[in-house]
Amino acid sequence: MFGQLSDRLSAALKGLRGKGRLTEADVDSAVRDIRVALLDADVALPVVREFCARVKEQALSTEVSGSLNPAQHVVKIVHDELVRTLGGQARRLRFAKQPPTVILLAGLQGAGKTSLAGKLAKHLADQGHTPLLVAADLQRPNAVDQLRIVGESAGVPVFAPQPGNGVGDPVTVARESIDVARRQVHDIVIVDTAGRLAIDADLMAQLQRVRDAVQPDEVLLVIDAMTGQDAVATASAFHESIGIDGIVLTKLDGDARGGAALSVVGVTGQPILFAGVGERVTDFEVFHPDRLAGRILDMGDVLTLIEQSERAFDADQQARLAAKVATGEQFTLEDFLEQMQSVKKMGPISKVFGMLPGMGQMKEQLDGFDDRELVRIEAIIQSMTPGERRDPKVLDARRRVRIANGSGTSVPEVNALVKKFAAAATLMKQMTGGKAGKGMRMPGVPGIPQIPGMPAGLPAMPGAGATHGGKSKAAKPGKGARKSGNPAKRAAAERGEVVSTSESDGSGAGKDTGLPDFSKFRT
């Protein structure tokens, strides 16, 4: 959603880099580009004016002009102002001293209140709470049935005594739900209320009666993040009529311009608590202003990435793999499949890698990645027998044809997967030193040879290949000196590194590379 805004802000700040001193003209030009970027993102005009005024004032301060890197200082100013505009610090839900805690959801029809009610209930249930969903939207057709389905997928009970579709009193349903929650020991009650296609007096009057009946601890306004500046008018009207305590943004994974997120906090003064980022019941996040500001400025969101990985990856499974890597045990296709399935749980690959810093420069490559490729790889591996997954060396031409037919792919695709896995297995073996009990051998440590595949241009590490107290044996120059026929070993000898005698014949005999023996395969 914030891709276009991110590109425009990055371009505006890029012109400041490399300048040892910023003039007022430089700052004015950057602020003008920032203003245009925010307006194009559909941010409310009063918010844009206040944002740009604060950025310009701080950018022209003596602190910036005297800093060693004024451009980076301006980037920090923009980041801090984005965080401030988005609400500052993340706020948690306020729970009642005496349960149940009552959460009232309000918003226009189509904003996603019912779906978000299930996501919020699932989020709270995962934290150890026992929420109860209340179907108080008795106007919209099939709203009650939808809440039942959402509650079932979230594993949360639903209180729906009335059939809905225009039948029943939402105030009575909401009042009775509090007594039911106390009897059935639910510590949180989430009330899903009716919406309208537009703000009207009947909607506000009904919400006021429901609010007075349940006395909610939190009144959350659900806003569609794709509505743009119209979200500002909606938030203002609800805040004036019923008084909201927080905002929840839905459809934050859409492709709209995203100005609502940057506008509603400044207009209402109330923080954004949560965000819906997908269609699944688990696509729900606590809203962190600093993290979203980092994403917008292409600084990444590593903390959210870590939290998602902790939820997606099984702790026992990771412990087993770590022990296998540390002891030099062979990395198998079964391990590869487990890791890939865990990555799929985190969401689309482009979204996962988009949380890393600097990935905005690789947007085209990330957008071009087809997540169905993971499905094809999973099908190929699952078409293998357990023995073939543990030892790909047994995969002859006939077996590969069988696997291709069973997975609905082609033999070249199977060959490509085996080749990629062989490279991954080789890297794992190199990281462990190729021997059990050695532990991880990471690049960048003096005395450890450089790992093949590292970026070119890195200087050789001091002491690489050193033995016998750190002294390396150099090849003797002069007449009669023998040179290896292996180009890699000959280059190593010329650099003065030790060449293993067991591998000097270049035949590979007795050498464990971790790769399948492709000499037995027909292509």
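This is a predicted model, so every value here is computed, not measured. (Residues numbered from 1 in each chain as written. Predicted model: local features only at pLDDT ≥ 70, side-chain atom pairs only at ≥ 80, totals over all residues. Heavy atoms only, no water.)

Asks: Could you clarify how one ought to interpret empty space enclosed by the protein in this entry?
Replies: Unfilled space is identified by rolling a water-sized probe across the atoms. Considering all chains together, one arrives at two cavities of 30 Å³ or more under this definition. Taken together, Leu16, Val27, Ala30, Val31, Val55, Ala59 and Val74 make up the lining of the second largest cavity. Where the lining of the second largest cavity is concerned, the elements lending two or more residues are helix H2 (24–40) and helix H3 (45–59). Counting residues per element, the lining of the second largest cavity draws most heavily on H2, at three residues. For the lining of the second largest cavity, the residue count by class is seven nonpolar, no polar and no charged. (1 Å grid on protein atoms, 1.4 Å probe; cavity = no way out; pocket = protein on both sides within 12 Å on 5 of 7 lines; lining within 4 Å. Points joined across faces, edges and corners; volume = space filled by probe spheres on them. Helix = DSSP H or I, 4+ residues; strand = E, 2+ residues; numbered from the N terminus. Nonpolar A, V, L, I, M, F, W, Y, C, P; charged D, E, K, R; others polar.)

Asks: Before we go on, may I ask you to explain the confidence of the model for the protein in this structure?
Replies: Any residue range with low pLDDT should be treated as having predicted coordinates unsuitable for detailed reading. Counting all residues, the mean pLDDT for the protein is 76, and 73% of those residues have values of 70 or more. Contacts from residues 434–480, a stretch scored under 50 in pLDDT, to residues over four places away or in other chains number 56 contacts. The low-confidence segment residues 498–523, where pLDDT is below 50, has 33 contacts with residues more than four positions distant or belonging to other chains. (pLDDT = per-residue confidence, 0-100. Contact = heavy atoms within 4.5 Å.)

Asks: What am I meant to see in the pattern of salt bridges here?
Replies: When charged atoms on two side chains of opposite charge get close, those side chains can pair. Following the criterion strictly, the structure yields 19 salt bridges and no others. Glutamate 81 is paired through a salt bridge with arginine 54; the nearest N and O atoms lie 2.4 Å apart. With glutamate 81 in helix H5 (residues 70–85) and arginine 54 in helix H3, this pair connects stretches of sequence that are 27 residues apart. You'll find glutamate 81 and arginine 54 in the same group, each marked buried. (Salt bridge = Lys/Arg side-chain N within 4 Å of Asp/Glu carboxyl O. Buried < 20%, exposed > 50% of the residue type's maximum accessible area, 1.4 Å probe, protein only.)

Asks: So what exactly am I meant to see when it comes to the nonpolar core here?
Replies: One broad trend across soluble globular proteins is that nonpolar side chains are buried collectively. Membership of the largest hydrophobic core comes to 103 residues, with the highest contact counts inside it found for Ile34, Val78, Leu82, Leu120, Ile190, Val191 and Phe238. Non-local contacts of valine 191, meaning those with residues more than four positions away in its chain, are made with Val102, Ile103, Leu104, Leu105, Val134, Ala136, Ala174 and Val210. Counting 19 residues, the second-largest nonpolar core is a separate cluster that includes Leu333, Ile377, Ile403 and Phe421. (Core = buried A, V, L, I, M, F, W, Y, C linked by side-chain atoms within 4.5 Å.)

Asks: Honestly, the sheet that holds strand S6 (residues 246–250) in this entry has me stumped. Any pointers?
Replies: In sheet architecture, strand pairing relies on hydrogen bonds along the backbone and comes in two forms, parallel and antiparallel. Pairing within the open sheet is mixed, and its eight strands lie in the order S3-S2-S4-S1-S5-S6-S7-S8. Since the sheet does not close on itself, it has two edges, and those belong to strand S3 (158–159) and strand S8 (284–286), each with one partner. The pairing of strand S5 (residues 218–224) with S6 spans five bridges and is classified as parallel. Bridge pairing links leucine 221 to isoleucine 247 in S6. Most of the contacts of helix H6 (residues 113–126) go to strand S4 (residues 188–193), to which it runs at about 170°, and overall it touches strand S1 (101–106), strand S2 (131–136), S4, S5, S6, strand S7 (272–276) and S8. This element, helix H7 (residues 143–154), spans S2, S3 and S4 of the sheet and lies at about 165° to S2. (Pairing = 2+ DSSP bridges. Axes fitted to C-alpha atoms, helices over the stretch in contact; angles between N-to-C directions.)

Asks: Got a minute to help me understand the packing of helix H10 (residues 230–241) against helix H11 (residues 259–268) in this structure?
Replies: To describe two helices that pack against each other, one gives the angle between their axes and the distance between the axes. The contact between H10 and H11 brings their axes to 9 Å, and the two run at 30°. When the axes of H10 and H11 are compared, the pair comes out roughly parallel. Crossing handedness for the pair H10 and H11: right-handed. Across the interface between the two elements, Ala231, Val232, Ala235, Ser236 and His239 from H10 touch Ala260, Ser263, Val264, Val267 and Thr268 from H11. For the contact of H10 with H11, the residue count by class is six nonpolar, four polar and no charged. (Parallel < 35°, antiparallel > 145°, perpendicular 65-115°, else oblique. Left-handed = near helix turned anticlockwise from the far one by under 90°.)

Asks: Even after reading the chapter, I still don't get the packing of aromatic side chains, so can you show me in this structure?
Replies: Aromatic rings in a pair are described by how distant their centres are and how their planes are angled relative to each other. Applying the stated criterion across every chain, the model contains two aromatic pairs. Each ring, one from phenylalanine 274 and one from phenylalanine 284, has its centre 5.0 Å from the other, and the planes form 25°; the classification is stacked. Separated by 10 residues along the polypeptide, phenylalanine 274 in strand S7 and phenylalanine 284 in strand S8 bring together distant segments of the chain. Taken individually, phenylalanine 274 and phenylalanine 284 each receive the classification buried, so the pair is uniform in this respect. Seen from their ring centres, phenylalanine 336 and phenylalanine 421 are 6.1 Å apart, and the 70° between their planes marks the pair as edge-to-face. Placement of the pair is phenylalanine 336 in helix H15 (residues 333–345) and phenylalanine 421 in helix H21 (residues 411–431), with a sequence separation of 85 residues. Since its relative accessible area comes to 3%, phenylalanine 421 is described here as buried. (Phe/Tyr/Trp six-rings, centres within 6.5 Å; stacked < 30°, edge-to-face > 60°.)

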